[in-house]
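In case you want the letters, here they are:
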Amino acid sequence: MNHWVIYIDNNSAKKNFIEDFQKGKIPNELIEYQHKKGLLYSIFTLVKLIDEEDKHDHKIISSEQQALETMSSGEQKKALLHYLLNEKPDFIILDNPFDNLDVTFQEEFKSILQKHSSHISFVQIASRKADALSFIKHFGRLTYDTFTVIQDSAFEKKTKKHAYSSVSIPQPLENIASLNNPLIHFKNVSVSYGDKKILNNINWTINKGDFWQLAGANGSGKSTILSMITGDNPKAFGQEIYLFGNLKGSGETVWDIKKKIGYYSPAMTNKFKGRHTVEHMLISGLTDSVGLYTIPTDIQKRVIKQWLSVLNFHNIKDSYFNKLSTGKQRLVMTARAMVKHPPILILDEPTTGMDDESSALLVSLVNKIAQETNTAILFVSHRKEPYLEPKSIYTLEKSPSGSIGDITTA
Ligand SMILES: Nc1ncnc2c1ncn2[C@@H]1O[C@H](COP(=O)(O)OP(=O)(O)OP(=O)(O)O)[C@@H](O)[C@H]1O
């Protein structure tokens, strides 16, 4: 049985390619898949299933114990894989299957796929060379919308450490020096859902200018911690969580907190469907708005001009954001979360779905922000991102009594 890895980069027309593939519009070299029953393992399939479960109020892949929607992203992916395998297709397209999966489950996942590889064919779409499944012997590349067969050794582009532009990050318009340390303090915080213990006695302090990576296996509670910081998790109430000097729940509004946090997660990108130029996207980061509802001041315009130089995006400042490649969109969104120099910048799995080259570029921008500003950075990822230079890593270690936190310092 043949299997394929198709390498893509952030300029590949992946979505169209997959849609065409499913409709039977398949490149000649892959014609063996025509008229076969194929399924798609992808974040898009998950979103559709969650939507259907929601709309029709019936379970498709939720278990007796838990609804698909409330599972962590890793747990959702595990559930999806088992669901698709049970459907007994001829082939499965695996769209960047290892994104969001911790190392342990990646190994488990690989051996499940290998076990089924005698009777199901796999077409793996991969952004990252290291993700290629070892049992696959046929390789292709999608360059924009053109598919070509390649030798595996042809995909040798080694990612180099990027030095970001030498242009300095602009100074803040408002100073955060008045804030006292710690910015964030968790004291003996524990969380459970019913009988399921998630966090066990978390003690964690984030100070001005810190650079943290928050790591941990799937389901260890990373998103739970984030949602307690950014304001929308009821589990935070009654706990000793101090945000910018105030005990959480003691009067500050979610808006007060959000004003002090720059936040970016790839899911946010979909909110910007309209005709927003790159320049407007950055300006709207200063005012926390989705569009550009107010006319920017001269000072704001000057600051954004400098950010465009940092990003080397002057030439695309008038381009529409939603037409940019994924890599460029992520850089814009990261800068957008940072332009107001928030006391804390949270980047939630920002490299998910990115190729090696663009991930390295994003990582170097984050390192630059850490070096040149006083903003504390919280970079959430289970992946050991090559070249990321956090000063400390907070790892959630799973245990039956809930995850405990382990701190390592560079
Ligand atoms: N509303 C809920 N009901 C039941 N369980 C929940 C609910 N919300 C979260 N959980 C569980 O809490 C655990 C922690 O989830 P969380 O999303 O914080 O993990 P994570 O570390 O971010 O995982 P991942 O890397 O997979 O995204 C998971 O086992 C999840 O299923």
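Keep in mind that this is a model prediction, so the values were computed, not measured.

Caption draft 1: Broad picture of the sheet that holds strand β4 (residues 121-126). Taken together, the 6 strands give an open sheet; going across it, the order is β2-β3-β4-β1-β5-β6, and neighbouring strands pair in mixed fashion. What marks the edges here is a single partner per strand, and that holds for β2 (38-41) and β6 (146-150). Neighbour-to-neighbour, the strand axes of the sheet open up by a mean angle of 20 degrees, direction not taken into account. The sheet contact formed by strand β1 (residues 4-8) and β4 spans 4 bridges and is parallel. For Ile6, the partnering residue across the bridge sits in β4 and is Ile125.

Caption draft 2: Focus on the nonpolar core. In terms of nonpolar packing, the biggest core is built from 64 residues, with Leu282, Trp307, Ile344, Val366, Ile377 and Leu378 touching the most fellow members. Per-element tally for this core: the top contributor is helix α10 (residues 356-372), with 8 residues. With near-sequence residues (within four places) excluded, Val366 lies in contact with Thr334, Leu347, Ile377, Phe379 and Leu388. Listed in part, the 27 residues of the second largest apolar core include Ile26, Ile92, Ile125 and Phe139.

Caption draft 3: Representation of the site of the ligand. What surrounds the ligand is a group of 20 residues, the closest being Ser72, Gly74, Asn218, Ser223 and Thr224. Secondary-structure elements contributing two or more residues to the shell around the ligand are α3 (73-86), β8 (196-206) and α5 (222-230). Of the residues in the shell around the ligand, the class split is 3 nonpolar, 14 polar and 3 charged. For the shell around the ligand, the two domains that each supply at least three residues are domain 1 (4-154) and domain 2 (184-409).

Caption draft 4: Expanded view of the confidence of the model for the chain. Model confidence for the chain is summarised by a mean pLDDT of 89, while 95% of its residues fall at 70 or above. In the predicted assembly, ipTM is 0.97 and pTM is 0.85.

Caption draft 5: Summary view of the packing of helix α9 (residues 326-338) against α10. Close contact between α9 and α10 brings their axes to 9 Å; oriented N to C, the two are set at 15 degrees. Comparing the axis directions of α9 and α10 gives the class roughly parallel. Here α9 and α10 pass one another in a crossing that is right-handed. Together, Gly327, Arg330, Leu331, Thr334 and Met338 of α9 and Ser358, Leu361, Leu362, Leu365, Val366 and Ile369 of α10 make up the contact between the two elements. Partitioned by chemical class, the residues of the contact of α9 with α10 number 7 nonpolar, 3 polar and 1 charged.

How each quantity is defined
- Residues numbered from 1 in each chain as written.
- Predicted model: local features only at pLDDT ≥ 70, side-chain atom pairs only at ≥ 80, totals over all residues.
- Pairing = 2+ DSSP bridges.
- Helix = DSSP H or I, 4+ residues; strand = E, 2+ residues; numbered from the N terminus.
- Axes fitted to C-alpha atoms, helices over the stretch in contact; angles between N-to-C directions.
- Core = buried A, V, L, I, M, F, W, Y, C linked by C-beta atoms within 7 Å.
- Buried ≥ 20, exposed ≤ 12 C-beta atoms within 10 Å, placed from the backbone.
- Contact = placed C-beta atoms within 7 Å.
- Near = placed C-beta within 6 Å.
- Nonpolar A, V, L, I, M, F, W, Y, C, P; charged D, E, K, R; others polar.
- Domains from an automatic or database assignment.
- pLDDT = per-residue confidence, 0-100.
- Parallel < 35°, antiparallel > 145°, perpendicular 65-115°, else oblique.
- Left-handed = near helix turned anticlockwise from the far one by under 90°.

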